[in-house]
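Per-entry structural report
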2 protein chains.
Amino acid sequence: MKIGIIGLGAIGGSFAAGLRAAGYEEIYGVDIDEETVKTAEKSGMIKEGSLSAEGFLPDLDVLLLSLYPSQIAPFIEKYHALFKAGVVITDVTGVKTAIIEQVAEVLPDIADFVFAHPMRGSEKKGIIGADHTRFIGANALITPTSKNKEKNIQLIENLYREIGFTKITRVSPELHDEQIAYVSQLMHALSVAVVNSNQASEDTLTFAGNSFQELTRIADINGELWSELFLNNRSALLKSIEQLETELDKLKQTLKTADEEKLKDLFSKATAQRRHWY
Amino acid sequence: MKIGIIGLGAIGGSFAAGLRAAGYEEIYGVDIDEETVKTAEKSGMIKEGSLSAEGFLPDLDVLLLSLYPSQIAPFIEKYHALFKAGVVITDVTGVKTAIIEQVAEVLPDIADFVFAHPMRGSEKKGIIGADHTRFIGANALITPTSKNKEKNIQLIENLYREIGFTKITRVSPELHDEQIAYVSQLMHALSVAVVNSNQASEDTLTFAGNSFQELTRIADINGELWSELFLNNRSALLKSIEQLETELDKLKQTLKTADEEKLKDLFSKATAQRRHWY
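Below or above, wherever it landed, is the structure these notes cover. Values in this document were obtained by computation on a predicted structure and should not be read as measured data. Residue indices begin from 1 for each chain and proceed along its sequence in written order. Chains and ligands are labelled sequentially in the order written, the chains with letters from A and the ligands with numbers from 1. Given that this is a predicted model, residues contribute local features only at a pLDDT of at least 70 and side-chain atom pairs are listed and counted only at 80 or more, while totals for whole chains, interfaces and linings are drawn from all residues. Excluded from the side-chain calculation are hydrogens and water; included are all heavy atoms of the structure.

So, about the overall build of chain A. Numbering of helices and strands runs from the N terminus; a helix is a DSSP stretch of H or I covering at least four residues, while a strand is a stretch of E covering at least two. When its secondary structure is counted, chain A shows 11 helices and 9 strands. Seen through its C-alpha atoms, chain A measures out along the principal axes to roughly 70 × 40 × 30 Å. In this scheme, a residue with accessible area under 20% of its type's maximum is buried, one over 50% is exposed, and one in between is partly exposed, where area comes from a 1.4 Å probe on protein chains only. The 278 residues of chain A split such that 56% are buried. By definition in these notes, contact holds between two residues if any of their heavy atoms fall within 4.5 Å. Put simply, of all contacts in chain A between residues at least 6 apart along the chain, 70% involve residues at least 24 apart. One finds the centroid of the 29 positive side-chain charges in chain A at a distance of 4 Å from the centroid of its 39 negative side-chain charges. By the counting rule applied here, Lys and Arg register as positive and Asp and Glu as negative, while His and the ends of each chain are not counted. All charge positions are set by atom: Lys at NZ, Arg at CZ, Asp at CG, Glu at CD.

Have a look at this one:
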């Protein structure tokens, strides 16, 4: 099985390295950065690399697009004439409904696109973050469409398992986007909002403890990527922010009325839910 | 120097253990829980313990009240007739303006109250969290009042240094409360609001990654304590929530108008500020 990986950053590079470590020999890598391609070849995480996908595409059985959301459909549109019949394509993007709609417009019948979301990011950008152990113990979400063949979904799931993913869950694209807006995008929105508050100052760290450091960690954000993730999921994220604001309103109301019992009720509810989860 | 510690929970107990470890022999401890007093005595963190402060008070040179905010002024009111002339009193509460006002009503002239905020909490409640190393490397805030004698402020600062605090900063009670509302109380409000959102479900953890786990950690909250902290600082906390909402509104606006450039600007601003801090 010949596998092509388009984009050899921390995620794509970790897929390449993981698949090689799992025994796959024929891994081909493409990146727009020449140094990255050289590094990938030297390290052995790919059999061969290139600055362009064209030469590899006619032979590839599996095509993993480790690209930004905005690059997925354009890639298909540009290269679909070169796809091998029966190619299984997959992505790694953190939004699904919008991407699935965009891809549906341009995907040829000879290709099957299994949309996936490996749930382990990287603090390191670029191939320096490539690590064959990155996905060990990680979770992944697969969002099947009505066009997917079962065997192709299983092929992707098996590749994920072989490089260390432990929990791989199939969900609808709509549920994926709704829940990711809540558990991931909202966290980033809150962290950014906290750091951008006009209360931030030179003196802030004199007062800050662990919780501030933790909560603001993800405000150091890859703006190119996250602006795409936010905008491709904006209705779901708007809903998550509004639900959060509803809860903040409840807290504000208890403060305005000095309602200690109601405030304790809100704390008790949160404590019970958090303990139920973790 | 005879030091009395009222309340032998994780914080009071850690002060007792830390002071003993620093070589102070005459540490006296009071707690309403008999088992706690016995444990404190057995462990050697106090010289002698009691269920009541009365017997110790006439001899104490320093009195550390490791009590909830609502208990501070009532303690002074109840026991002030027993205070030794010149006693230096200090607290450990995370709000200051309201407590200072309450204490001013009842504090006798023979006592000097140096208000302090040791900034290291405990995941463990009760004396089981007492640890003589707890405060090593921790920060503390002192909020002097116009009535404090400089030598008494220094006495408390020195005790803090001797048990491991490294950065001890004097700030006004107003600045303390404003910044604590922002860096600490707002974090707890957001965490509680996230967990209480109606988007929380049985499936949430299928989608959640590190950021969700981190941000919701402090939603497992001591409601008795934090309701007092919130309510004793409610105007400052309301302001912090409103400033946060102003930033959320900016994010929402970029989503509603699909304004990628403005969204990237907000991310860039947050990234620069976060990197400046940490």
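What follows is about the sheet that holds strand S7 (residues 116-118) of chain A. All names here are of chain A. At least two bridges found by DSSP between two strands is the condition for calling them paired. Taken together, 3 strands build an open sheet; the order of strands is S7-S8-S9 and the sheet is mixed. Two strands close off the open sheet at either side, each with one partner strand: S7 and strand S9 (167-170). Taken pair by pair, the neighbouring strands of this sheet meet at an average axis angle of 15°, ignoring direction. The sheet contact formed by S7 and strand S8 (residues 139-142) spans 3 bridges and is antiparallel. The partner of His117 across the bridge, within S8, is Leu141. In this description, a line fitted to the C-alpha atoms serves as the axis of each element, helices being fitted only across the stretch in contact, and the angle between N-to-C directions of two axes falls anywhere from 0 to 180 degrees. Helix H5 (residues 150-162) rests against S7, S8 and S9 of the sheet, and its axis sits at about 155° to S9.

To continue, consider the pairing of strand S1 (residues 3-6) of chain A. All names here are of chain A. Going residue by residue along S1, you find Ile3 and Ile5 tucked away on one face and Gly4 and Ile6 tucked away on the opposite face as well. As defined by bridge partners, S1 adjoins strand S2 (residues 27-30) across 4 bridges and the pair is classed as parallel. Directly across from Gly4, in S2, lies its bridge partner Tyr28. Following the backbone out of S1, through helix H1 (residues 10-21) and into the adjacent parallel S2, one traces a crossover that is right-handed. Sheet analysis places S1 next to strand S4 (residues 62-65), joined by 4 bridges and oriented parallel. Pairing of Gly4 across the sheet is with Leu63, part of S4. If you view a crossover with the strands going away from you and the path from the first strand over the helix to the second runs clockwise, you call it right-handed.

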